[in-house]
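Tertiary structure, described
Given next are the chains, with one letter for each unit.
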Amino acid sequence: MADLRKFLRERWRYIDAMLAVAVIVGSLAYIYDLLVGSRGLDVAYITRNYGLYVHAVLTNVYATTIAFLVGMAIGFSVGWLRTARTMPLAKFVLSLRAERRARSEDREVIKADSGFLIFFSLLWYGAKYVVRRIGDGFVEIIRGTPLYVQILFASSFFIVFLREYATEGLLIGIITLAINTGGYQAEIFRAGLQTVHSGQIEAARAIGFSRLRAMRYVILPQALRLIIPPLTNEYIGLFKASTFLFVLGVQTEISYIALHEGYAGDVFEIFAMVTAIFLAITVTLSFVVQSLERRFRIPGLGIEAVRKPRGVKMPAPVA
Amino acid sequence: MVVAGLLMAFVILPAIFNFSLLSTQFWQIYTRFYITGLFGTFFYVALTLPLSVVLGFLMGWARVSRIRIFRWPASLYVNIFRGLPPLILVIFASLFGTSLIPQPILDRFFAGFRRGDIAVGIAAIAIAMHSSAYQAEIFRAGFQSVPKGQVEAAQALGLRSWQGMRHVILPQTFRLSLPPLGNEFAVLIKDTSILAGIAGTELVAKSRDLLGVLSASGLPIVWIFAVWTVVAITYLVLTYSVTRGLRLLERKFHTPGLEAISL
Amino acid sequence: MIRVNDVQKHFGALHVLRGITFEVQKGEAIVIIGPSGSGKSTLLRCINLLVEPDSGQVFIDGVQVNRHGIRHEWVRQQVGMVFQSFNLFTHLTAIDNVTLGLTRVKGMTHDKAVEKARELLARVGLAAKENSYPAELSGGQQQRVAIARALAMDPKAMLFDEPTSALDPEYIREVLDVMTALAREGMTMIVVTHEMGFASNVASRILFMDAGKIVEEGSAEQIFHRPKEERTRSFVSKILR
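Criteria and cut-off values
Residues numbered from 1 in each chain as written. Chains lettered and ligands numbered in written order. Predicted model: local features only at pLDDT ≥ 70, side-chain atom pairs only at ≥ 80, totals over all residues. Heavy atoms only, no water. Helix = DSSP H or I, 4+ residues; strand = E, 2+ residues; numbered from the N terminus. Rg over C-alpha atoms; globule rule 2.2 N^0.38 Å. Contact = heavy atoms within 4.5 Å. Areas by Shrake-Rupley, 256 points an atom, 1.4 Å probe, with all protein chains shown as cover. Lys, Arg positive; Asp, Glu negative; His and termini not counted. Charge placed at Lys NZ, Arg CZ, Asp CG, Glu CD. Pairing = 2+ DSSP bridges. Axes fitted to C-alpha atoms, helices over the stretch in contact; angles between N-to-C directions. Phe/Tyr/Trp six-rings, centres within 6.5 Å; stacked < 30°, edge-to-face > 60°. Buried < 20%, exposed > 50% of the residue type's maximum accessible area, 1.4 Å probe, protein only. Salt bridge = Lys/Arg side-chain N within 4 Å of Asp/Glu carboxyl O. Buried area = accessible area lost by both parts, 1.4 Å probe. Polar contact = N/O pair within 3.5 Å; in protein donor to acceptor, adjacent residues only side chain to side chain. Nonpolar A, V, L, I, M, F, W, Y, C, P; charged D, E, K, R; others polar. pLDDT = per-residue confidence, 0-100. Expected span 1.5 Å × (residues − 1).

Counting secondary structure elements, chain C contains nine helices and 10 strands. Over its C-alpha trace chain C gives a radius of gyration of 18 Å, about what one expects of a compact globule, namely 18 Å for 241 residues. In terms of its C-alpha atoms, chain C occupies a principal-axis envelope of roughly 55 × 45 × 35 Å. Sequence separation of 24 or more characterises 65% of the internal contacts of chain C that already satisfy a separation of 6 or more. A total of about 10200 Å² of accessible surface is found on chain C, and carbon and sulfur atoms cover 45% of it. Of the side chains in chain C, 29 bear a positive and 28 a negative charge, and the two mean positions are spaced by 3 Å.

Right, here's the structure in full:
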């Protein structure tokens, strides 16, 4: 008895690992048995059709990549827009009043163009405020509603207003995905740009960098480190989301499933293939993210701060 | 922020697409679809949310365990379910679902249900599992951000290991994980819309049902946009209230020195 | 009171404790000094079994504690421990930190526990801070709460693992004062510290450890001024200067 206990304690690491592998293999085998069982795996079906499925997933990759790049343009503009500093309206009105009071002590002549000045600065601030709020609203709507609803909205739009393009599922899909990822990327860019401390810009300017060079040598190296990992995560998320293309009639893996399900009875084989292809892409990419983070990590510069999975909201920007 | 979003949905979209959300005729027809759909969504959320939290918590706990029998299968689970798109999971779950449940159990407990309903239920569980993989990572981060010294101090006081878990580690983990959990709940709520793709009865599916009869019954075509705007606003309100709710909860339990993790 | 007999401990390939033997009488205050990495902290953790010795025996009140059939929780109630990094429970207020062990381990009612905790907090001079969270306290205050938390379990002995090393200089005094008072009241204590003033005032004996062994043992006067071993001499000369 004591011997057994000693044996278990000394060999525990190996026993533990073997049991863990046994649990994994056992449960996978159990599922395999339930789904395939006695009929046997249809290897011929896989060898005959895997090209079809790889091609289908490549369609996803194609759509994802284009949408991602377009979305990056949208995301950067909107994200940058939202970092723009605007004064709260109440504070602005107060400062205007103070200014008017100061001016009223001056001669009458200035009064005329001071009204003019106030009108234009009000217009400028108002425009800035409205644009920023529109950015907020865009991001909020994109992130707060399901992609499915967005796709259905877009396809309805094409059906009603652009009938001749309504059958171009891939085009509609890419446009929707681009707008969708734009909303998500806006948050990433905003957080990345805001996380680089304003003190850094001041410090760079203080040692004689121009604004442009400060951006090039100080801000970007920091912001990119913060932005690249969440952007890669966003790419993974978008890739997963691109399966919704089938709703628009694009020939993807899911439409093949629907095609084959009725008569082939090889659904498990399809499942195995699709799972393998998807996991190969997503797991590789997440591995890339992790190694990127490790490689570029600088002590004290929090990458964690902006590393968010898709759909996670960040704290509201500080006005 | 959400105010800006709601304002845009309420004012700008109707203005662009030339419809009114105040039309009584629209609501006379849509209300029935809307209510059924909303209850369907609530039903699926009520089914998936608790399940995903429990699963996610257990998996997150297993992932920080020192015992490999727990840790390795949990890692596999998390990587598989995070790596697959929810839509694919849902479709295969609805196809396989019933064959994964042993026949005797099916006969005994689910005899009253239609086969299709069981399939949708299992697909909902697949969504819960997808979300639970993300929640597992949140809980894992929560567990890992409780310093080792806290465990040691609990042991040094003579607390048993489950007492240390219950009174020292878990309260801190939960506090740290609340806001990111709220965000994940919002994602889960949005993901239930996927069930519309496989004959689930919820908001998106019911709204689509109305649109199917729209052109045939001679109603204005722009109602399409009215319907989707209402659906969008509904999801916006739902996701906003759940993230906001958990954030408030965190603020209520807030203790100095314990800041929420950002994942 | 506490007897440690030929305790050995390995961490992987690292041989941390190479046969430690010593004894502490009731009411004694032992100070352990030594360079970092010499195994002082591990030795303390071996006494309350936060680290289980590979071989050798640990006795508390004549009972061997590192053998099968003795519950670790019981052992840890016998000896209190104070950590270098305080390790106060972040989510609990000062008073809740003290009462947690009382209610959950000792099974005391909440009211009685609070009463006792107030008494202890007053004893370490923190009666006014009972509702503060650890993050709202200074390092010195946190460490005093940690001492009160350990005392609440009515331990037979106290272990201090470099209790002042993580403190800003201005807070060291207040913690040492509490510890000195405790020693004067006759608490059995084992203290790992680099505070030589405290050691010479309070210690009944000083152990010098190096490379997992007790190199020299003696009174403060002897260790600091007439060390026998060369290693002790060089270490002492570095820290006393």
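Summing up its helical and strand segments, chain B has 10 helices and zero strands in all. Going from the N terminus to the C terminus, chain B shows its helices and strands as α-α-α-α-α-α-α-α-α-α. Here chain B displays about 11300 Å² of accessible surface, and carbon together with sulfur accounts for 67% of that area. Across chain B, 21 positive and 10 negative side-chain charges occur, with their mean positions spaced 5 Å apart.

With that out of the way, let us pick up the sheet that holds strand 5 (residues 63-64) of chain C. Residues and elements named next belong to chain C. Strand order in the open sheet made by the four strands is 2-1-4-5, with antiparallel pairing throughout. Because the sheet does not close on itself, it has two edges, and the strands there are strand 2 (14-24) and strand 5. Bridge count for strand 1 (residues 2-11) against strand 2 is eight bridges, and the pairing is antiparallel. Counterpart to Ile2 in the pairing with strand 2 is Val24. Against the sheet, helix 1 (residues 40-47) engages strand 1, strand 2 and strand 4 (55-60), with an angle of about 60 degrees to strand 2.

A word on the packing of aromatic side chains. Aromatic ring pairs are reported here in terms of the distance separating the ring centres and the angle at which the planes meet. Residue and element names in this part refer to chain B. Applying the stated rule across the entire model yields 21 aromatic pairs over all chains. Aromatic pair Phe57 and Trp61: ring centres 5.6 Å apart, planes at 55 degrees, arrangement tilted. On the criterion of helical spacing, the pair formed by Phe57 and Trp61 is a turn pair, its members being four residues apart in helix 2 (residues 24-63). With relative accessibility at 13%, the residue Phe57 sits in the buried group.

Mapped onto the fold, Val54 of chain A is located in helix 2 (residues 43-83). Residues Val54 of chain A and Ile277 of chain A lie 223 residues apart in sequence; the distance between their C-alpha atoms is 7.1 Å.

Another aspect to go through is the pattern of salt bridges. All names here are of chain B. Taken as a whole, this structure holds 23 salt bridges over all chains when the rule is applied. In this structure, Glu137 engages Arg63 in a salt bridge whose closest nitrogen and oxygen atoms are separated by 3.1 Å. Here Glu137, found in helix 6 (residues 115-144), pairs with Arg63, found in helix 2; they are 74 residues apart in sequence, far enough to count as distant. On the basis of relative accessibility, which here comes to 8%, the residue Glu137 falls in the buried class. Through salt bridges that share partners, Arg63, Glu137 and Arg140 make up one connected network.

Listed by partner, the interface residues are 24 residues for chain C and 22 residues for chain B. Buried area between chain C and chain B, summed over both chains or domains, comes out near 2100 Å², and the portion from carbon and sulfur atoms is 63%. On inspection of chain C and its partner chain B, the count reaches one salt bridge. Applying the counting criterion to the chain C and chain B interface returns eight residue pairs in polar contact (both at pLDDT 80 or more). Taken together, the elements giving at least two residues each to the side of chain C that touches chain B come down to helix 2 (72-78), strand 6 (79-82) and helix 3 (94-104) of chain C. Its residues assigned to classes, the side of chain C that touches chain B shows 11 nonpolar, six polar and seven charged.

In low-pLDDT segments, the atomic positions of the prediction should not be examined closely. Model confidence for chain C is summarised by a mean pLDDT of 90, while 100% of its residues fall at 70 or above. Confidence metrics for the complex model read pTM 0.81 and ipTM 0.86.

Turning our eyes to something else, we now look at the interface of chain B and chain A. Facing the 55 residues of chain B at the interface are 62 residues of chain A. Across the chain B/chain A interface, buried area totals approximately 5200 Å², and carbon plus sulfur atoms make up 77% of it. In this assembly, chain B and chain A are joined by one salt bridge. Arg68 of chain B is paired through a salt bridge with Asp16 of chain A; the nearest N and O atoms lie 3.7 Å apart. Here chain B is connected to chain A by 11 residue pairs in polar contact (both at pLDDT 80 or more). Elements represented by at least two residues in the side of chain B that touches chain A include exactly helix 1 (2-17), helix 3 (68-83), helix 4 (86-100), helix 6, helix 8 (161-191), helix 9 (203-214) and helix 10 (223-253) of chain B. A total of 11 residues in the side of chain B that touches chain A trace back to one element, the largest contributor, which is helix 10 of chain B. Broken down by class, the residue content of the side of chain B that touches chain A amounts to 38 nonpolar, 12 polar and five charged.

Here Gln222 of chain C is to be found in helix 8 (residues 220-225). Those residues in contact with Gln222 of chain C that lie beyond four places of it in its chain are Glu216, Glu217, Pro227 and Lys228 of chain C.

It is worth spelling out helix 6 of chain B at this point. The end-to-end C-alpha distance of helix 6 of chain B is 43 Å, a good match for the 44 Å that 30 residues give at a rise of 1.5 Å each. Burial within helix 6 of chain B is extensive, with 23 of its 30 residues counted as buried.

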